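Report on the structure
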Amino acid sequence: MNPMVEFCISNLANGSQEAYEILERDPNIDVLEYGCLSYCTKCSESFYAVVNGDLVEADSPAELTKAIYQYIDENPLW
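As a convention, each chain's residues are numbered from 1 in the sequence order in which they are written. Local features in this predicted model are restricted to residues whose pLDDT is 70 or higher, and side-chain atom pairs enter the listing and the counts only when it is 80 or higher, whereas totals over whole chains, interfaces and linings include all residues. Only hydrogens and water are set aside when side-chain values are computed; all heavy atoms of the structure are taken into account.

**Describing a negative patch on the surface**
Selection rule: Patch membership is restricted to residues that have no salt bridge and whose relative accessible area is over 30%. Joining uses 9 Å for like charges and 5 Å for the nonpolar side chains Val, Leu, Ile, Met, Phe, Trp and Tyr. In this description, accessible areas are obtained by the Shrake-Rupley approach with a 1.4 Å probe, and a residue is regarded as covered only by the protein chains that are shown. Think of a salt bridge as a Lys or Arg side-chain nitrogen and an Asp or Glu carboxyl oxygen that are within 4 Å of each other. Counting rule for charge: Lys and Arg are taken as positive, Asp and Glu as negative, and neither His nor the chain ends is counted. Taken as the charge location is NZ of Lys, CZ of Arg, CG of Asp or CD of Glu. Runs of E in the DSSP output that reach at least two residues are strands. Runs of H or I that reach at least four are helices, and both are numbered from the N terminus. Buried, partly exposed and exposed residues are distinguished by accessible area as a fraction of the type maximum, computed with a 1.4 Å probe on protein chains only: under 20%, between the cut-offs, and over 50%, respectively.
On the surface, Glu18, Glu21, Glu24 and Glu33 cluster together to form a negatively charged patch. By secondary structure assignment, the location of Glu24 is in helix α1 (residues 9-24). A residue is classified by how much of its surface remains accessible, and Glu24, at 45% relative accessible area, is partly exposed.

**Considerations on the nonpolar core**
Note the following rule: For the purposes of this section, nonpolar cores are sets of buried Ala, Val, Leu, Ile, Met, Phe, Trp, Tyr and Cys residues that join through side-chain atoms within 4.5 Å. Contact definition: two residues touch when any of their heavy atoms are within 4.5 Å.
By size, the foremost hydrophobic cluster in this structure holds 18 residues, and its most contacted members are Val5, Phe7, Leu23, Val51, Val56, Leu64 and Ile68. Those elements giving two or more residues to this core turn out to be β1 (4-8), α1, β3 (47-51), β4 (54-58) and α3 (61-74). Element by element, the count of residues in this core is highest for α3, at 5 residues. Setting aside chain neighbours within four positions, we find Val5 in contact with Leu23, Ile29, Asp30, Val31, Leu32, Ala49, Val50, Val51, Ile68 and Ile72.

**With respect to unusual backbone geometry**
Unusually for a residue other than glycine, Ser38 sits at a positive phi of about 65°. Examined against the element boundaries, Ser38 turns out to sit in the loop between β2 (30-34) and α2 (40-45). Its relative accessible area of 61% is what places Ser38 among the exposed residues. Of note in this structure, Asn52 is not a glycine but carries a positive phi near 50°. Within the element layout of this structure, Asn52 appears in the loop between β3 and β4. The class of Asn52 is partly exposed, set by a relative accessible area of 28%.

**Quick word on α1**
Keep this limit in mind: By definition here, a helix of n residues has an expected span of 1.5 Å times n minus one. A residue's bend is simply the angle between two axes: one fitted to the seven residues ending at it, one to the seven starting at it.
Here α1 spans only 14 Å end to end across 16 residues, well under the 22 Å set by a 1.5 Å rise per residue. Remark: the principal bend of α1, roughly 105°, maps to Gly15. All buried positions along α1 are accounted for by Asn11, Leu12, Ser16, Ala19, Tyr20 and Leu23. Buried residues in α1 make contact with β1, β2, α2, β3 and α3.

**Overview of the pattern of salt bridges**
Applying the stated criterion across every chain yields a total of 1 salt bridge. When the shortest N-O distance is used, the salt bridge between Glu57 and Lys42 registers 3.4 Å. Placement of Glu57 in strand β4 and of Lys42 in helix α2 is noted, with a sequence separation of 15 residues between them.

**As for the packing of aromatic side chains**
Note the following rule: Aromatic rings from Phe, Tyr and Trp, taking only the six-membered ring of Trp, are treated as a pair when their centres fall within 6.5 Å; an angle between ring planes under 30 degrees marks them as stacked, one over 60 as edge-to-face, and anything in between as tilted.
Across all of its chains, the model carries 2 aromatic pairs by this definition. On the numbers, 5.5 Å between centres and 80° between planes, the contact of Phe7 with Tyr20 is edge-to-face. Of this pair, Phe7 sits in strand β1 while Tyr20 sits in helix α1; the two residues are 13 residues apart in sequence, bridging distant segments of the chain. Considered together, Phe7 and Tyr20 belong to a single accessibility category, that of buried residues.

Quick look at the structure:
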(Lines give C-alpha, C1' and ligand atoms only; values in the text may rest on other atoms or scores of the structure.)
Protein backbone atom coordinates (compact mmCIF):
# COMPACT_ATOMS: atom_id res chain seq x y z
CA MET A 1 0.00 0.00 0.00
CA ASN A 2 1.41 3.38 -1.02
CA PRO A 3 1.13 6.59 0.99
CA MET A 4 -1.78 8.74 -0.18
CA VAL A 5 -1.28 12.45 -0.85
CA GLU A 6 -4.39 14.54 -1.49
CA PHE A 7 -4.43 18.03 -2.99
CA CYS A 8 -7.19 20.64 -3.18
CA ILE A 9 -7.67 21.95 -6.70
CA SER A 10 -7.79 25.53 -5.38
CA ASN A 11 -4.44 25.08 -3.67
CA LEU A 12 -3.04 23.61 -6.89
CA ALA A 13 -4.20 26.76 -8.68
CA ASN A 14 -2.54 28.87 -5.95
CA GLY A 15 0.83 27.28 -6.70
CA SER A 16 1.17 23.81 -5.20
CA GLN A 17 0.92 22.30 -8.71
CA GLU A 18 4.72 21.98 -8.78
CA ALA A 19 4.66 19.66 -5.75
CA TYR A 20 1.75 17.71 -7.22
CA GLU A 21 3.60 17.09 -10.49
CA ILE A 22 6.76 15.87 -8.72
CA LEU A 23 4.84 13.52 -6.44
CA GLU A 24 2.66 12.23 -9.26
CA ARG A 25 5.78 10.93 -11.04
CA ASP A 26 6.76 8.91 -7.95
CA PRO A 27 5.43 5.35 -8.42
CA ASN A 28 5.56 4.78 -4.64
CA ILE A 29 3.00 7.51 -3.84
CA ASP A 30 -0.68 7.70 -4.73
CA VAL A 31 -1.62 11.29 -5.56
CA LEU A 32 -5.21 12.52 -5.78
CA GLU A 33 -6.83 15.89 -6.37
CA TYR A 34 -10.21 16.99 -5.06
CA GLY A 35 -12.42 19.99 -5.68
CA CYS A 36 -12.20 20.86 -1.98
CA LEU A 37 -10.64 19.30 1.11
CA SER A 38 -12.38 21.73 3.53
CA TYR A 39 -9.18 23.48 4.67
CA CYS A 40 -10.19 26.82 3.13
CA THR A 41 -8.26 28.99 5.60
CA LYS A 42 -5.09 26.92 5.08
CA CYS A 43 -5.69 26.90 1.35
CA SER A 44 -5.65 30.68 1.14
CA GLU A 45 -2.65 31.13 3.45
CA SER A 46 -0.14 28.41 2.53
CA PHE A 47 0.67 25.42 0.37
CA TYR A 48 -0.63 22.16 1.78
CA ALA A 49 -1.57 18.57 1.13
CA VAL A 50 -3.23 15.87 3.18
CA VAL A 51 -0.86 12.94 3.62
CA ASN A 52 -2.39 9.73 4.89
CA GLY A 53 -5.10 11.83 6.55
CA ASP A 54 -2.77 14.40 8.16
CA LEU A 55 -2.27 18.00 7.06
CA VAL A 56 1.22 18.91 5.84
CA GLU A 57 1.95 22.61 5.17
CA ALA A 58 4.81 24.69 3.79
CA ASP A 59 5.63 28.19 2.57
CA SER A 60 6.58 27.17 -0.99
CA PRO A 61 5.89 24.28 -3.37
CA ALA A 62 9.49 23.06 -3.05
CA GLU A 63 9.24 23.09 0.75
CA LEU A 64 5.90 21.30 0.53
CA THR A 65 7.43 18.52 -1.55
CA LYS A 66 10.26 18.16 0.97
CA ALA A 67 7.82 18.22 3.92
CA ILE A 68 5.65 15.52 2.33
CA TYR A 69 8.60 13.20 1.74
CA GLN A 70 9.82 13.87 5.29
CA TYR A 71 6.37 13.11 6.71
CA ILE A 72 6.20 9.85 4.75
CA ASP A 73 9.69 8.83 5.95
CA GLU A 74 8.85 9.60 9.58
CA ASN A 75 5.38 8.00 9.51
CA PRO A 76 5.55 4.67 7.65
CA LEU A 77 2.27 2.95 6.92
CA TRP A 78 3.38 -0.29 8.62
